Amino acid sequence: MAGLIAIALWSCGPKRVGPAGPDGKSLTWPQMNVEQRKAHMKSEVLPRATKIFQEWRPERYAKTDCTLCHGTGDYTGNYNMPTAHLPRLSGELLLGPERAKHPDTTKIKLNKLVPEMASALGVKTFSLITRRGFGCYSCHLGPDGPMFGNN
Ligand code: HEC
Ligand code: HEC
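Residues numbered from 1 in each chain as written. Chains lettered and ligands numbered in written order. Predicted model: local features only at pLDDT ≥ 70, side-chain atom pairs only at ≥ 80, totals over all residues.

### Concerning the packing of helix α2 (residues 34-56) against helix α6 (residues 103-121)
Running from N to C, α2 and α6 point in directions that differ by 165°, and their axes come no closer than 9 Å. With respect to their mutual orientation, α2 and α6 come out roughly antiparallel. Note on packing geometry: the crossing formed by α2 with α6 is right-handed. Only Ile108, Lys112, Leu113, Glu116, Met117 and Ala120 of α6 make contact with α2, whose side of the interface consists of Glu44, Val45, Arg48, Ala49, Ile52 and Trp56. Residues of the contact of α2 with α6, tallied by class, amount to eight nonpolar, no polar and four charged. (Axes fitted to C-alpha atoms, helices over the stretch in contact; angles between N-to-C directions. Helix = DSSP H or I, 4+ residues; strand = E, 2+ residues; numbered from the N terminus. Parallel < 35°, antiparallel > 145°, perpendicular 65-115°, else oblique. Left-handed = near helix turned anticlockwise from the far one by under 90°. Contact = placed C-beta atoms within 7 Å. Nonpolar A, V, L, I, M, F, W, Y, C, P; charged D, E, K, R; others polar.)

What follows is the structure in structure tokens.
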């Protein structure tokens, strides 16, 4: 019973998706240092995101790199997310304006990109109830800056 509870609790936290840490266990995304994060972005995040963007618009996304999401931050070493490099979103919880103006983008992001990125990072997807987790605002800013617990 105690074991089951431990597993249930553990499965709520970030998953061990990274290289081994000092205790021999794989690190979670929040535990990784900057170098490990860069390596993880290169091996997991960039390839998985590229696949999604290329299936959607093969010509436009024929060549992708870190600047796709980080913009010129990739040259200056500023990898902070969310970033002003990407268009600001409305800030509306249910994405009404995004669904109206950019239905395709919004659908692909919701159905594919968000779950794929959350899985690559081993973190939970955005919850409408807690208003926390990996979602649109993990990459995009709202009208007045970062939203939903991102900073
Ligand atoms: C598809 C979008 C996307 C691409 C492409 C991408 N990143 Fe990221 N990156 C993110 C997101 C989102 C985060 C923030 C994750 C989080 O903590 O919620 C992030 C975070 C990071 C961080 C950690 C920043 C910090 O403050 O700790 C580093 C370093 C980083 N990326 C480097 C890279 C490098 C190097 C590449 C290219 C190999 C790359 N990224 C490609 C989306 C992307
Ligand atoms: C992992 C990072 C990431 C996440 C998460 C993300 N986006 Fe994006 N988004 C991007 C990138 C990168 C672009 C710009 C692509 C380009 O420059 O062509 C973009 C562009 C857009 C655009 C501009 C219009 C267009 O068609 O290109 C809209 C609108 C948008 N995203 C909405 C959303 C919504 C809504 C969500 C959540 C359901 C979301 N995004 C989640 C990375 C992200």
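### Section: the site of ligand 1
Ligand 1 sits among 18 residues. The nearest are Met41, Ala49, Cys66, Cys69 and Tyr79. Looking at the shell around ligand 1, the elements with two or more residues in it are α2 and α3 (67-70). With eight residues, α2 is the single largest residue contributor to the shell around ligand 1. Of the residues in the shell around ligand 1, the class split is twelve nonpolar, three polar and three charged. (Near = placed C-beta within 6 Å.)

### Here we look at the environment of Pro82
Relative to the helices and strands, Pro82 is located in the loop between α4 (73-76) and α5 (96-101). Sequence spacing of Pro82 and Ile129 is 47 residues, and the spatial spacing of their C-alpha atoms is 21 Å. Excluding residues within four positions of it along the chain, Pro82 makes contact with Tyr137, Ser138, Cys139, His140, Leu141, Pro146 and Asn150.

### Focus: the site of ligand 2
Taken together, 20 residues lie near ligand 2, and His102, Thr105, Lys109, Cys136 and Cys139 sit nearest. Elements represented by at least two residues in the shell around ligand 2 include exactly α3 and α6. When its residues are assigned to classes, the shell around ligand 2 shows twelve nonpolar, six polar and two charged.

### Quick look at α6
Relative to the 27 Å expected for 19 residues at 1.5 Å per residue, α6 spans 26 Å between its end C-alpha atoms, a close match to the ideal helical length. Of all bends in α6, the biggest is about 45°, found at Lys109. What α6 keeps buried is the set Lys109, Met117, Ala120 and Leu121. Each element contacted by the buried residues of α6 is listed here: α2. (Expected span 1.5 Å × (residues − 1). Bend = angle between axes of the 7 residues up to and from the residue. Buried ≥ 20, exposed ≤ 12 C-beta atoms within 10 Å, placed from the backbone.)

### Some details on unusual backbone geometry
What is expected of a backbone is that most residues other than glycine have negative phi and most peptide bonds are trans. The omega torsion of the bond from Met81 to Pro82 falls at -5°, within 30 degrees of zero and hence cis. Phi at Leu95 is positive, roughly 60°, even though this residue is not glycine. Structurally, the position occupied by Leu95 is in the loop between α4 and α5. Despite not being glycine, Arg131 shows a phi value in the positive range, around 60°.

### Let's talk about the environment of Arg16
As for its position among the elements, Arg16 is in the loop between α1 (2-12) and α2. Arg16 sits in the partly exposed class, given 16 other C-beta atoms within 10 Å. Between the C-alpha atoms of Arg16 and Arg99, which are 83 residues apart in sequence, the distance is 34 Å. In contact with Arg16, not counting residues within four places along its chain, are Lys25, Ser26, Leu27, Thr28 and Gly122.

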